[in-house]
Structure formats: C-alpha cells, structure tokens
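So you can see what is in the structure, the chains are spelled out below.
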Amino acid sequence: MAERLAVSDLRLRRTVVLVGMMGAGKTAVGRAVATALSVPFRDSDAEIENAANMSIAEIFARDGEPFFRRKEAQVIARLLADTPAILSTGGGAFLQEENRRAISGTGVSVWLNADLSLLWARVRHKDTRPLLRTPDPYGTLAALYEARVPVYALADIEVRTLPRMTIEQTAGKVIEALRDRGVVTPEEGA
Ligand SMILES: Nc1ncnc2c1ncn2[C@@H]1O[C@H](COP(=O)(O)OP(=O)(O)O)[C@@H](O)[C@H]1O
Ligand SMILES: O=C(O)C1=C[C@@H](OP(=O)(O)O)[C@@H](O)[C@H](O)C1
Ligand SMILES: [Mg+2]
C-alpha cells in the first residue's frame, strides 16, 4: 500500500488567496499553510503597510479608504503574477469585482468562514481595524458580515473555522481542501 505523503512532498500549482471577514484568521492561517507547504507567504495588508511605512489605520486616516482599495488591488495583481504562494487578503478585497476577476484568472480563492460570534471575540479588543472604529463596532461588524457573506460565497473553496480549532488545525483543513481540488499535488518523483 502506498505510504501517506508528507506535506513537504506536495507541490502548489496556483496561488491560493484567502478571503473572508476580519478576524477569520486569514493572516494567521495563511502563514501556517505556507509554512507547512514550504511556499512563500504574502499578506496584502502587510505589503501595503511596508510600502507606505504606515499602518493600515494610518493609511485610512490620512489617505482614505478609496486610496487604500486602489493600493490593495495593485498589490493583489502584482502578487498574483508571481510564483505560486499563499496570499492572505484584507477582508474587503474580495468585495471588489476587479480583484475577484484577477484572483479567478490565476489563483484559487478560499473563503475562511467563521461565525459572527467568533469574529467578534477575535477583533473586539483590537484597534487595528479602522472600519470598526464606530460608536457601535459590534453592529458595524454584523452589518459588514451580512453584506459580505454572499460575496465570499463566490469563492472557489469554503473552509469553516470553528472556535476550538487551532491555527494549525485550520491550516490542515485548508491543505486538505486544496489537495481535494488538485491545487496541491504530489511532487513529481515523490
Ligand atoms: N484557531 C485560530 N485560527 C485563526 N486565528 C486564530 C485562531 N485562534 C486565534 N486566532 C487569532 O485571531 C486573530 C485574528 O486573526 P487574523 O489572522 O489577524 O485574521 P484576519 O487576517 O482574517 O483578520 C489573531 O490574533 C489570531 O492569532
Ligand atoms: O474588512 C476590511 O475591509 C478590512 C480588513 C482588514 O484586514 P483583515 O481582514 O486581515 O483584518 C484590512 O484590510 C482593513 O482594515 C480593511
Ligand atoms: Mg489579516
């Protein structure tokens, strides 16, 4: 009987783009998936922050959300043109049709889907997300969730993330889904 392949024997065929709400774990899980597969990890927010030498909150405050969205689209297009990698996006990226088209052209989208209660538990004590700087951050998060879920549902693959799952367990679930879809395949000769 064939032995089970180690994760390191797998090859990534296309860039995997993690999409979903703030707090779903796109950044944390994306990094863990990349580590497990020994492929590069990119995060569109981090790319924008590094290029501007400012935090996302500072960019929103100084240049506004439309400026941020233009930068985000540029970064995503640039990273999709690179060799296959794991690319975590910010929660609003997939809402833009331009980005969805670019992603479906060369990459594969994975919706990291978490319940609103879990998202809230993860983001409520952080002040790094400018869209939640409102008098009613829970109400704002809930409204964004309602509006965005139908768009995230357009992603190629959905992976549910549950409260008791560790980052590594969720990453394992993502890798399993990628194997099922042939996005990661056995390395030739492995
Ligand atoms: N099992 C888990 N899966 C994903 N994230 C988790 C998990 N447990 C805790 N977290 C934490 O949730 C927070 C939000 O995760 P993050 O990756 O920043 O989400 P996103 O990039 O989708 O906004 C981080 O502090 C992360 O470490
Ligand atoms: O949902 C959004 O519109 C945003 C999500 C953030 O990224 P995370 O989803 O990684 O928190 C960041 O891009 C920005 O604050 C806007
Ligand atoms: Mg993130």
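Model, not experiment: these values are computed from the prediction. (Residues numbered from 1 in each chain as written. Chains lettered and ligands numbered in written order. Predicted model: local features only at pLDDT ≥ 70, side-chain atom pairs only at ≥ 80, totals over all residues. Heavy atoms only, no water.)

Draft legend 1. Quick peek at the site of ligand 1. The environment of ligand 1 is formed by 15 residues, the closest being Gly-23, Lys-26, Ala-28, Arg-122 and Met-165. A distance of 2.4 Å separates a nitrogen atom of ligand 1 from a polar backbone atom of Met-165. Protein chains bury 75% of the 560 Å² of accessible surface belonging to ligand 1 in isolation. Because more than half of its atoms lie within 2 Å of the grid, ligand 1 is assigned to the largest pocket. Considering each element in turn, the shell around ligand 1 owes the most residues, four residues, to helix H1 (residues 26–37). (Near = heavy atom within 4 Å. Polar contact = N/O pair within 3.5 Å; in protein donor to acceptor, adjacent residues only side chain to side chain. Areas by Shrake-Rupley, 256 points an atom, 1.4 Å probe, with all protein chains shown as cover. 1 Å grid on protein atoms, 1.4 Å probe; cavity = no way out; pocket = protein on both sides within 12 Å on 5 of 7 lines; lining within 4 Å. Sits in = over half its atoms within 2 Å of the grid points. Helix = DSSP H or I, 4+ residues; strand = E, 2+ residues; numbered from the N terminus.)

Draft legend 2. Region of the structure containing the packing of aromatic side chains. Under the counting rule described, the total for this entry stands at three aromatic pairs. Between Phe-60 and Phe-68 the ring centres are 4.9 Å apart and the planes differ by 45 degrees, which places this aromatic pair in the tilted class. Phe-68 carries the same exposure label as Phe-60, and that label is buried. (Phe/Tyr/Trp six-rings, centres within 6.5 Å; stacked < 30°, edge-to-face > 60°. Buried < 20%, exposed > 50% of the residue type's maximum accessible area, 1.4 Å probe, protein only.)

Draft legend 3. Focus on the pairing of strand E5 (residues 107–113). With seven of seven residues buried, E5 lies mostly within the body of the structure. Residues of E5 alternate between two faces, with Gly-107, Ser-109, Trp-111 and Asn-113 on one and Val-108, Val-110 and Leu-112 on the opposite face, all of them buried. Bridging between strand E2 (residues 15–19) and E5 involves five bridges; their strand directions are parallel. Within E5, the position partnered with Leu-18 by the bridge is Val-110. Here E5 pairs with strand E6 (residues 157–160) via four bridges, running parallel. The residue bridging Leu-112 from the neighbouring strand is Val-159, located in E6. (Pairing = 2+ DSSP bridges.)

Draft legend 4. Molecular detail of the layout of surface pockets. Of the volumes computed, that of the largest pocket is approximately 720 Å³. If you trace the largest pocket, you find 35 residues lining it, with Met-22, Gly-23, Thr-27, Asp-45 and Arg-129 closest to the centre. Put simply, the parts of the chain that give the lining of the largest pocket at least two residues each are H1, helix H2 (44–52), helix H3 (56–63), helix H4 (65–80), helix H6 (116–123) and helix H8 (167–180). The dominant element in the lining of the largest pocket, judged by the number of residues it contributes, is H1, at four residues. For the lining of the largest pocket, the residue count by class is 13 nonpolar, 12 polar and 10 charged. (Points joined across faces, edges and corners; volume = space filled by probe spheres on them. Nonpolar A, V, L, I, M, F, W, Y, C, P; charged D, E, K, R; others polar.)

Draft legend 5. A look at the site of ligand 2. Around ligand 2, 13 residues are found, and the nearest of them are Lys-26, Asp-45, Arg-69, Arg-129 and Arg-148. At 3.3 Å from an oxygen atom of ligand 2 is found a main-chain nitrogen or oxygen belonging to Gly-92. When the free accessible area of ligand 2 is taken as 380 Å², the share hidden by the protein chains comes to 95%. Placement of ligand 2 is best described as lying within the largest pocket.

Draft legend 6. Structural context of the nonpolar core. Val-16, Val-33, Leu-37, Ile-86, Leu-141 and Leu-178 are the most contacted members of the largest nonpolar core, which totals 58 residues. Per-element tally for this core: the top contributor is helix H7 (residues 137–152), with six residues. (Core = buried A, V, L, I, M, F, W, Y, C linked by side-chain atoms within 4.5 Å.)

Draft legend 7. Main features of the sheet that holds strand E3 (residues 41–43). Spatially, five strands are ordered E3-E4-E2-E5-E6 in an open sheet, and the strand pairing comes out parallel. Strands with a single pairing partner mark the edges of an open sheet, and in this sheet they are E3 and E6. The sheet shows a mean angle of 25 degrees between the axes of neighbouring strands, taken without regard to direction. In this fold H8 packs onto E2, E5 and E6, with an angle of close to 155 degrees to the strand it touches most, E6. (Axes fitted to C-alpha atoms, helices over the stretch in contact; angles between N-to-C directions. Contact = heavy atoms within 4.5 Å.)

Draft legend 8. View of the pattern of salt bridges. Evaluation of the coordinates by the stated rule reveals six salt bridges. Among the salt bridges present, the one from Glu-47 reaches Arg-78, with a minimum N-O distance of 3.2 Å. Of the two residues, Glu-47 sits in helix H2 while Arg-78 sits in helix H4, which places them 31 residues apart along the sequence. Classification of Glu-47 by relative accessible area gives partly exposed; the value is 22%. For Arg-69, the salt bridge is made with Glu-65, and the minimal N-O distance between the two is 2.9 Å. Residue Arg-69 and its partner Glu-65 are located together in helix H4, separated by four residues, close to a single helical turn. Residue Arg-69 is classed as buried on the basis of its relative accessible area of 12%. Put simply, Glu-65, Arg-69 and Glu-72 are held in one network by salt bridges that share partners. (Salt bridge = Lys/Arg side-chain N within 4 Å of Asp/Glu carboxyl O.)

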